[in-house]
Amino acid sequence: MVEMPETYYSATRILDIRWSRLNGDRRADVAVIGGGLAGLTAARELARGGKSVILLESVKIGYGASGRNGGFVSPGFAEGVAALVKRLGPDHARELLGLSRDGAQYVARTIEDLAMKGVEPVPGWLNLQRFDNERQARDKAEALAAFSGRPVEFWPTDKVRACLGTETYFQGIYDPDTFHMHPLNYALQLARGAESVGAELFEQSPVLDLRRTNGGLKLNCAAGSVSAGQVVVAGSAYLGRLYPKLSRAVLPVATHVMVSAPLNEVQARAIRFTGAITDTRRAGDYYRLLPDIGDGPRLLWGGRITTRRAEPRHLADLMKGDAVKIYPQFSDLAVDYAWSGLMGYAVHKMPIIKQMEPGIWACTAFGGHGLNTTAMGGVLVAEAIMSGDDRYRLFAPFKARWGGGMIGRIATQSAYWAMQLSDWWEEARSSAIR
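So, here is what we can say about the structure in this document. (Residues numbered from 1 in each chain as written. Predicted model: local features only at pLDDT ≥ 70, side-chain atom pairs only at ≥ 80, totals over all residues. Heavy atoms only, no water.)

Attention now moves to the overall build of the protein. Looking only at helices and strands, one finds 12 helices and 17 strands in the protein. What you see for the protein is a C-alpha radius of gyration of 21 Å, in line with the 22 Å of a compact globule of 434 residues. Referenced to the eigenvectors of the C-alpha coordinate spread, the extents of the protein come out at roughly 70 × 50 × 45 Å. Buried positions account for 56% of the 434 residues belonging to the protein. (Helix = DSSP H or I, 4+ residues; strand = E, 2+ residues; numbered from the N terminus. Rg over C-alpha atoms; globule rule 2.2 N^0.38 Å. Buried < 20%, exposed > 50% of the residue type's maximum accessible area, 1.4 Å probe, protein only.)

A word on the packing of aromatic side chains. This model, assessed by the stated rule, comprises 14 aromatic pairs. A ring pair is formed by Tyr9 and Trp339, whose centres lie 5.6 Å apart and whose planes are at 65 degrees; its orientation type is edge-to-face. Within this pair, whereas Tyr9 is found in helix H1 (residues 8-11), its partner Trp339 is found in strand E15 (residues 335-345), the two being separated by 330 residues in sequence. Overall, Trp339 belongs to the buried group, its relative accessible area being 3%. Both rings, one in Phe72 and one in Tyr286, keep their centres 6.0 Å apart while their planes meet at 80 degrees; by these two values the pair is edge-to-face. (Phe/Tyr/Trp six-rings, centres within 6.5 Å; stacked < 30°, edge-to-face > 60°.)

Met181, Tyr186 and Phe395 are the most contacted members of the largest nonpolar core, which totals 75 residues. Not counting residues within four places of it along the chain, the set of residues in contact with Phe395 comprises Phe77, Leu96, Leu99, Met350, Pro351, Ile353, Met376 and Leu380. Counting 29 residues, the second-largest nonpolar core is a separate cluster that includes Ile33, Val231, Leu246 and Ala365. (Core = buried A, V, L, I, M, F, W, Y, C linked by side-chain atoms within 4.5 Å. Contact = heavy atoms within 4.5 Å.)

Below, the discussion takes up helix H10 (residues 315-326). Over its 12 residues, H10 runs 18 Å from end to end, which matches the ideal 16 Å to within 8%, given 1.5 Å per residue. Within the span of H10, buried status applies to Leu315, Met319, Lys320, Asp322, Ala323 and Ile326. Seen along its axis, H10 keeps its buried residues to an arc of 150 degrees; they face one direction. The exposed residues of H10 that point more than 90 degrees off its buried face are Asp317 and Lys325. Buried residues along H10 sit in contact with strand E11 (251-260), strand E14 (298-306) and E15. (Expected span 1.5 Å × (residues − 1). Arc of directions from axis to C-beta.)

Looking now at the environment of Gln267. For Gln267, the position within the fold is in helix H9 (residues 265-270). Separated by 143 residues in the primary sequence, Gln267 and Gly124 have C-alpha atoms spaced 21 Å apart. Residues contacting Gln267, with those up to four places away along its chain left out, are Pro262, Gln329, Phe330, Asp332 and Leu333. Engagement of the side chain of Gln267 in a polar contact is seen with the side chain of Asp332, the distance being 3.0 Å. (Polar contact = N/O pair within 3.5 Å; in protein donor to acceptor, adjacent residues only side chain to side chain.)

What follows covers the pattern of salt bridges. Enumeration according to the criterion identifies 23 salt bridges in this entry. The salt bridge partner of Glu79 is Lys349, with a shortest N-O separation of 3.7 Å. In this pair, Glu79 is assigned in the loop between strand E3 (72-73) and helix H3 (81-88) and Lys349 in the loop between E15 and strand E16 (352-357), connecting sequence segments 270 residues apart. Taking relative accessible area as the criterion, Glu79 reaches 19% and is therefore assigned buried. Measuring nitrogen to oxygen at the nearest pair gives 3.9 Å for the salt bridge that ties Glu195 to Arg192. Of the two residues, Glu195 and Arg192 are both situated in helix H7 (residues 183-196); the distance of three residues between them amounts to about one turn of the helix. When salt bridges with common partners are traced through the structure, they connect Arg44, Glu45 and Arg48 into a single cluster. (Salt bridge = Lys/Arg side-chain N within 4 Å of Asp/Glu carboxyl O.)

This part takes up the pairing of strand E10 (residues 224-233). Taking burial as the measure, the 10 residues of E10 include eight buried ones, the bulk of the element. For strand E1 (residues 24-33) and E10, the ladder comprises nine bridges, and the chain directions are parallel. Directly across from Asp25, in E10, lies its bridge partner Ser225. Bridge count between strand E9 (residues 216-221) and E10: five bridges; the pairing is antiparallel. Opposite Leu217, over in E10, you have Ala228 as the bridge partner. The turn linking E9 back onto E10 is made up of two residues. Pairing of E10 with strand E17 (residues 360-364) involves three bridges; the strand directions are parallel. Across the sheet, the residue bridging to Val233 is Ala362, located in E17. (Pairing = 2+ DSSP bridges.)

Right, dumping it as structure tokens:
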């Protein structure tokens, strides 16, 4: 039996539940494949709407990226606003950004509605430039605020450095609408919330076969099956060959995270900002101070993107090295946890939310978007099934295109290296100008 990997999140989870395996033949209005945040949200909303729902998770609820990520909940997508406007036009792009904001609000509201414990949402997000260009940062903040209606703020260099003990960063954009949280505690309590309204959840129940029958759709597992009128496929990068039309479009991309031991006094003074922190590099770092749960604050640091599934050797030292490059104060930092996780990306850098064929719904490719889009996708698909709500069609331009298989993974890795080179050149050029 595969267990939850050892991470800071698994060590501090509030619930340690073992849901049963599927055994025997069952029927439901809707079957959901995947026990991550998108699948759990869809299951909860469908059950709240009166549908009978069975969710099938191949390993453990929250096992994949949903339980291992950086914990950022921020409006927006991996694809930038300017690129969306250029491709879709301003009105369409604005509607998509509104949906992403709805997703963030859904997460915040669900934390309150279910009185979740141990999730500990902390507001604020600071996105920082590693080169000195005040006009560019100010113009970007003003344009984003005007276009999206979000209360983002421009921060000059002196304000940034008043709360961050490093000379690596210059200007920044502050977003009060973003927050960070404990994603695994959220996922487990969301699962309980879905159960409380009638959804049935099964773990260690990988779907081996999905086929159409005279009565609808049938999902076969090792020790049972589920017959359903509708199926939501939310398996992200873990689908394998189950549904090739979708799995071939989702590239498995790994990222890495470390969590420090409790910070000492010198280390704690390095970061005096409690919100989420990222930088504007195309291949940037993301990090945050974790809420003090009794033993002092800790640092969570994430970054690096690779299409290699194997976890790097000496991962803790690798991630600590990235942090020390920015904050020399962390040279003697002790690392308690380091882990990797697979995310599902599409080549167009947007989620795939669509009806693939009658009765089969895609709700996937949320890697790199923040947790808001998993909630958004689950809600959109659930409402489409229940009432015919067609807002999911706003994602129609982002098709389930073939990701290129092994060639696609090589191209993705090459693109990441190219982004790193572009970041280095932009920063070097800025330093030379100064």
